Amino acid sequence: MPLPNGVTNQFDAPLRDRLVALRRDLHRHPELSFKEQRTAGQLEAALTELKPKSMKRIASTGIVARIPGREPDAPVVAVRGDIDALPVQEATGLEYASQTAGVMHACGHDVHATWAIGAAHLLTRNPAQGDVLVVLQPAEEIGEGAAAILQSGALDGVRAIFGGHVDRRFEVGQVVAQEGPLAASADTFHIVLHGTGAHGARPHESRDPVVGLGALIGALQTVVSRRVNPAAPAVVTIGKVHAGTAPNIIPDTAELRGTMRATDPDTRRTLREEVKAIAETVAAAYGLRAEANMHTHGSPPIVNPPQATAWARAAAEAVVGVENVVPMPGLNMGGEDFAFYMERIPGCFLRIGAREPGGKVIPAHAPYFYAAEESIFVGAAVLAEAARRASASLG
Ligand SMILES: [Zn+2]
Ligand SMILES: [Zn+2]
């Protein structure tokens, strides 16, 4: 499908070329969470040219630039693009593939950073009513960047915030802007079962944590199936288990690590309480002691609220056309740290189509993932327009 006119008519050839060049440069030089020094330098240079009202480095490698609105005292809104890469060896074969071994923009944050710069251009040319903060956020992949930006105070007083993610399940030009749950909370746990080791031939002299671990892995499956309301989405996944050193030694300890996902606060609490309770009671039944470390300060769920979603949806419809604003095929239980902003500021998180016509669906974080180049323009135009609409409505 060709890019909708509502997108193409906002970008002249020089701006298109510059955004494409910026994206390719960022893609070639990916940097891990909180190490985005070069990236931040490139983005700062791109923003400086626009003569923002102010620009600050925050949260070490983050940037907030203030693009002036038409009225200096009107409410302020924000658009956010994340900028970090992943520890993945790139296998796309792209001409502008990563030149850093073992590091890759496998989640499309090169495009998110670039569309934030694109939105800054569009908002400079055609300002919102109030000022718009363009937020370039580090460290999304480790779930810490958004919290660090908030802690800096740079977004205090912001009345609405918009962001999005590239998604190859959708063609370039398609946008998801829908109310309700869009991403899950992401908390983790680490459980250590403490027993007593012994010779493998004399199990009666041990308190065997390996057998306890086996029982615990099975019992934890009942958290979602027996404790959570079936109408509420929830996941408990054990992704890592470890015990022992040799076939004939019963070890002292055995451990597992996992992740918990939910889309509402009650279910999120149920998961952490039940995982811990089951670990402790199963351990007791096997004569073991459970040390349950629950890391429950992960990102909250994203639930797009009605008003901010209405602004974003109207913006998407204006830019790509009503027929290209499409529903999510199903809930994604992935996490996204944009949720931290939405605990404090009303906002909307979008999915921006990134599959070229005839292209394949490729999951993010895969070594052959990339976002089609033209998704830059869709993201930039929709985010800028969402900011204008929110700003006009709040003012
Ligand atoms: Zn990611
Ligand atoms: Zn991502």
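Every chain's residues receive numbers from 1 upward, in the order its sequence appears when written. For naming, the first written chain is A and the first written ligand is 1, with later ones following in the order written. Note on the predicted model: pLDDT of at least 70 is required for a residue's local features to be given, and 80 or more for side-chain atom pairs to be given and counted; whole-chain, interface and lining totals, by contrast, use all residues. Each side-chain value is worked out from all heavy atoms of the structure, with water and hydrogens disregarded.

Asks: A description of the coordination of the zinc ion (ligand 2) should follow, citing residues and the corresponding values.
Replies: Coordination partners: N, O, S within 2.8 Å of the metal, 3.2 Å for Na, K and Ca; water not considered, so apparent gaps in a site are possible. Every protein donor of the zinc ion (ligand 2) is accounted for by Cys107 (SG), His109 (NE2) and His165 (NE2), and the metal-donor separations fall at 2.1 to 2.3 Å. Read N to C, the donor residues that coordinate the zinc ion (ligand 2) are spaced as C-x1-H-x55-H. The distance between the zinc ion (ligand 2) and the zinc ion (ligand 1) is 3.2 Å, with Cys107 acting as a donor to both metals. The same class applies to Cys107 as to His109, namely buried. With a 1.4 Å probe rolled over the protein chains alone, any residue whose accessible area is under 20% of its type maximum counts as buried; one over 50% counts as exposed, and the rest are partly exposed.

Asks: Can you lay out the packing of helix 3 (residues 37-48) against helix 4 (residues 109-125) for me, pointing to particular residues and giving the numbers?
Replies: Helix axes are fitted only over the stretch in contact, all axes being lines through C-alpha atoms; the angle between N-to-C directions runs from 0 to 180 degrees. In this description a helix means any DSSP run of H or I spanning at least four residues, a strand means any run of E spanning at least two, and both kinds are numbered starting from the N terminus. At a closest axis distance of 10 Å, the pairing of helix 3 and helix 4 adopts a crossing angle of 10 degrees. Compared by their axis directions, helix 3 and helix 4 come out roughly parallel. For the crossing formed where helix 3 meets helix 4, the hand is right-handed. Between helix 3, through Leu43, Ala46 and Leu47, and helix 4, the contact on the second element is made entirely by Ala113, Ile117 and Ala120. Side-chain classes are defined by residue name, with Ala, Val, Leu, Ile, Met, Phe, Trp, Tyr, Cys and Pro counting as nonpolar, Asp, Glu, Lys and Arg as charged, and the others, Gly among them, as polar. Here the contact of helix 3 with helix 4 is built from residues that sort into 6 nonpolar, no polar and no charged. Roughly parallel means an angle under 35 degrees; roughly antiparallel means over 145; roughly perpendicular covers 65 to 115; every other angle is labelled oblique. By the definition used in this description, the sense in which the near helix is turned from the far one sets the handedness, with an anticlockwise turn below a right angle giving left-handed and a clockwise turn giving right-handed. Any two residues whose heavy atoms approach within 4.5 Å at even a single point are treated as in contact.

Asks: Provide a residue-level description of the coordination of the zinc ion (ligand 1), including the pertinent values.
Replies: Ideal geometry at a metal centre gives angles of 109.5 degrees when four donors are arranged tetrahedrally and 90 or 180 degrees when six donors are arranged octahedrally. Taken together, Cys107 (SG), Glu141 (OE), Glu141 (OE) and His365 (NE2) make up the full set of protein donors to the zinc ion (ligand 1), lying 2.0 to 2.6 Å away. Note on geometry labels: four donors, all angles 85 to 135 degrees, give tetrahedral; four donors become square planar and six octahedral when opposite donors are over 155 degrees apart and every other angle is between 65 and 115; remaining cases are irregular. Viewed at the metal, the 4 donor atoms of the zinc ion (ligand 1) are separated by angles of 54 to 147 degrees, and the geometry they form is irregular. Between consecutive donors of the zinc ion (ligand 1), the numbers of intervening residues give the motif C-x33-E-x223-H. Overall, Glu141 belongs to the partly exposed group, its relative accessible area being 21%. Classification of His365 by relative accessible area gives partly exposed; the value is 41%.

Asks: Any chance you could break down the sheet that holds strand 8 (residues 185-194) for me, citing the residues and the numbers?
Replies: The strand order across the open sheet formed by 4 strands is 10-12-8-13, and the pairing between neighbours is antiparallel. The two strands at the open ends of the sheet, each matched to only one other strand, are strand 10 (234-243) and strand 13 (289-295). Shown here is a sheet whose adjacent strand axes are inclined to one another by a mean of 20 degrees, direction ignored. Any two strands with at least two DSSP bridges between them are considered paired. Both strand 8 and strand 13 contribute to a ladder of 7 bridges, which runs antiparallel. Looking at the pairing, His194 lines up with Arg289 of strand 13.

Asks: For the pattern of salt bridges, give the residues involved together with the corresponding values.
Replies: By salt bridge we mean one thing: a side-chain nitrogen of Lys or Arg within 4 Å of a carboxyl oxygen of Asp or Glu. Evaluated as defined, the whole model comprises 27 salt bridges. Residue Arg168 is joined to Glu356 by a salt bridge in which the shortest nitrogen-to-oxygen separation is 2.9 Å. One end of the pair, Arg168, is in strand 5 (residues 160-171); the other, Glu356, is in the loop between strand 15 (347-355) and helix 10 (375-394), and 188 residues separate them in sequence. Residue class for Arg168 comes out buried when judged on its relative accessible area of 1%. Among the salt bridges present, the one from Asp187 reaches Arg268, with a minimum N-O distance of 2.8 Å.

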